[in-house]
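Single-letter residue listing:
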Amino acid sequence: MRTFYPIVADLAGKRCLVVGGGRVAERKVGGLLEASAAVAVVSPLISDMIAAWEAEGRVTVVRREYTEGDAAGASLVFAATDKREVNERVYAEAVARALPVNVADRPDLCTFVVPAVIRSGPLLVTVSTSGTSPMASARIRDRIEESLGEGLDRFLEFTAEYRLSVHNKVSDPGLRRKLLAELFSDEALDAVKAGDWGSFRSRMLAQLNEA
Ligand SMILES: C[C@@]1(CC(=O)O)c2cc3[nH]c(cc4nc(cc5[nH]c(cc(n2)[C@H]1CCC(=O)O)[C@@](C)(CC(=O)O)[C@@H]5CCC(=O)O)C(CC(=O)O)=C4CCC(=O)O)c(CCC(=O)O)c3CC(=O)O
Ligand SMILES: NC(=O)C1=CN([C@@H]2O[C@H](COP(=O)(O)OP(=O)(O)OC[C@H]3O[C@@H](n4cnc5c(N)ncnc54)[C@H](O)[C@@H]3O)[C@@H](O)[C@H]2O)C=CC1
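Being a predicted model, the structure only gives us computed values, none of them experimental.

> It is not clear to me how the site of ligand 1 should be interpreted in this structure. Could you clarify?
Taken together, 19 residues form the shell around ligand 1, and within it Lys-28, Asn-102, Ser-128, Thr-129 and Ser-137 come nearest. The backbone of Gly-131 places a nitrogen or oxygen atom 2.7 Å from an oxygen atom of ligand 1. Relative to its unbound accessible area of 1,100 Å², ligand 1 is 65% covered by the protein chains. When atom positions are compared with the pocket grids, ligand 1 is found to occupy the largest pocket. Residue assignment for the shell around ligand 1 shows that the elements contributing at least two residues are α1 (23-34) and α4 (134-148). With five residues, α4 is the largest single contributor of residues to the shell around ligand 1. For the shell around ligand 1, a count of residues per class yields nine nonpolar, six polar and four charged.

This is how it looks when you write it as structure tokens:
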């Protein structure tokens, strides 16, 4: 089995090439837009959603078949056409340019795969089966999402601020660890899931005041 290395990439403003404009390409483009990438689509036909993103100026579309050279200047390359031979040519160009490449119908050619994701504010949870069972990744993601509940984004905003205050106010590393461990306790996460962490928040702030 292949063992992948997980990274969380900053693609803001980076040119990412997606070859193909169908259902799979659309999903990849959507994920890239969430990360503020500069997406270029090359495809004779595109989905309605991709056309809408183009109309909003969020995606650049070149309405023709892929030709070698399209990957110039790209940071990431996605081959997502329904033509195996075209996807292989896109792969070959990306490899020749030493670019990371994802090939929709060929896990064996992918130098990276795309995980199923949960986003909540700054939180990013990613699930991968190392290319072997994408639908399992999606379902396991759903399970994790249920277990977390809603409202994590606001809690994480609070914790980031609280953590900064602890770092500014408390110099003893032992006390810092203790305060932060309480902040990220099961009790806190359960209260967030129940949608009721107001009293927990007050207690934490009082503790910090006394520290
Ligand atoms: C290797 C990988 C490469 C890559 O695309 O990055 C890959 C490859 C392939 N997918 C195939 C099929 C499906 N993929 C999905 C869905 C998703 N696929 C995603 C990722 C990945 N898919 C990478 C591995 C991820 C991992 O490590 O687990 C997700 C997680 C992320 C995303 O795409 O954004 C997204 C869920 C997003 C969400 O729900 O949020 C569905 C379900 C659906 O469409 O609803 C089906 C139909 C059911 C089925 O066949 O299982 C086929 C066969 C094609 C065919 O038969 O023609 C191949 C090729 C092959 O396996 O040969
Ligand atoms: N990795 C994944 O998550 C999944 C991969 N797949 C595979 O992904 C591939 C694409 O599937 P769909 O998006 O459903 O197909 P689709 O039929 O919806 O779209 C195919 C797209 O490829 C474009 N295309 C065809 N020839 C081209 C060329 N020479 N240059 C540029 N674009 C070209 C077409 O214009 C069209 O937009 C299939 O091979 C399928 O087996 C399918 C499901 C999930």
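> Explanation requested: the domain arrangement of the protein in the structure shown.
Where interface size is quoted, it is often the accessible area lost as the parts come together. Taken domain by domain, the protein holds domain 1 (1-114) and domain 2 (152-210). Using C-alpha coordinates to define each centre, domain 1 is positioned 40 Å away from domain 2.

> How should the site of ligand 2 be read in this particular structure?
Near ligand 2, the surroundings consist of 21 residues, among which Val-24, Arg-27, Ser-43, Leu-45 and Tyr-66 are the closest. Between an oxygen atom of ligand 2 and a main-chain N or O atom of Gly-21, the distance comes to 3.0 Å. Between ligand 2 and Lys-83 there is a distance of 3.5 Å, counted from a nitrogen atom to a side-chain nitrogen or oxygen. Contact with the protein chains hides 73% of the accessible area of ligand 2, taken as 880 Å² for the molecule alone. Its atoms largely coinciding with the cavity grid, ligand 2 occupies the second largest pocket. For the shell around ligand 2, the element with the highest residue contribution is α1, accounting for four residues. For the shell around ligand 2, a count of residues per class yields nine nonpolar, five polar and seven charged.

> I would appreciate a short explanation of a nonpolar patch on the surface in the present structure.
Nonpolar side chains collect at one region of the surface, where Val-8, Val-117 and Leu-124 lie side by side and expose about 240 Å² of accessible area between them. Of note, Val-8 is situated in the segment before β1 (15-19). With a relative accessible area of 69%, Val-8 lands in the exposed category.

Reading guide: rules and limits
- Residues numbered from 1 in each chain as written.
- Chains lettered and ligands numbered in written order.
- Predicted model: local features only at pLDDT ≥ 70, side-chain atom pairs only at ≥ 80, totals over all residues.
- Heavy atoms only, no water.
- Near = heavy atom within 4 Å.
- Polar contact = N/O pair within 3.5 Å; in protein donor to acceptor, adjacent residues only side chain to side chain.
- Areas by Shrake-Rupley, 256 points an atom, 1.4 Å probe, with all protein chains shown as cover.
- 1 Å grid on protein atoms, 1.4 Å probe; cavity = no way out; pocket = protein on both sides within 12 Å on 5 of 7 lines; lining within 4 Å.
- Sits in = over half its atoms within 2 Å of the grid points.
- Helix = DSSP H or I, 4+ residues; strand = E, 2+ residues; numbered from the N terminus.
- Nonpolar A, V, L, I, M, F, W, Y, C, P; charged D, E, K, R; others polar.
- Domains from an automatic or database assignment.
- Patch = residues over 30% accessible without salt bridge, like charges linked within 9 Å, V, L, I, M, F, W, Y side chains within 5 Å.
- Salt bridge = Lys/Arg side-chain N within 4 Å of Asp/Glu carboxyl O.
- Buried < 20%, exposed > 50% of the residue type's maximum accessible area, 1.4 Å probe, protein only.

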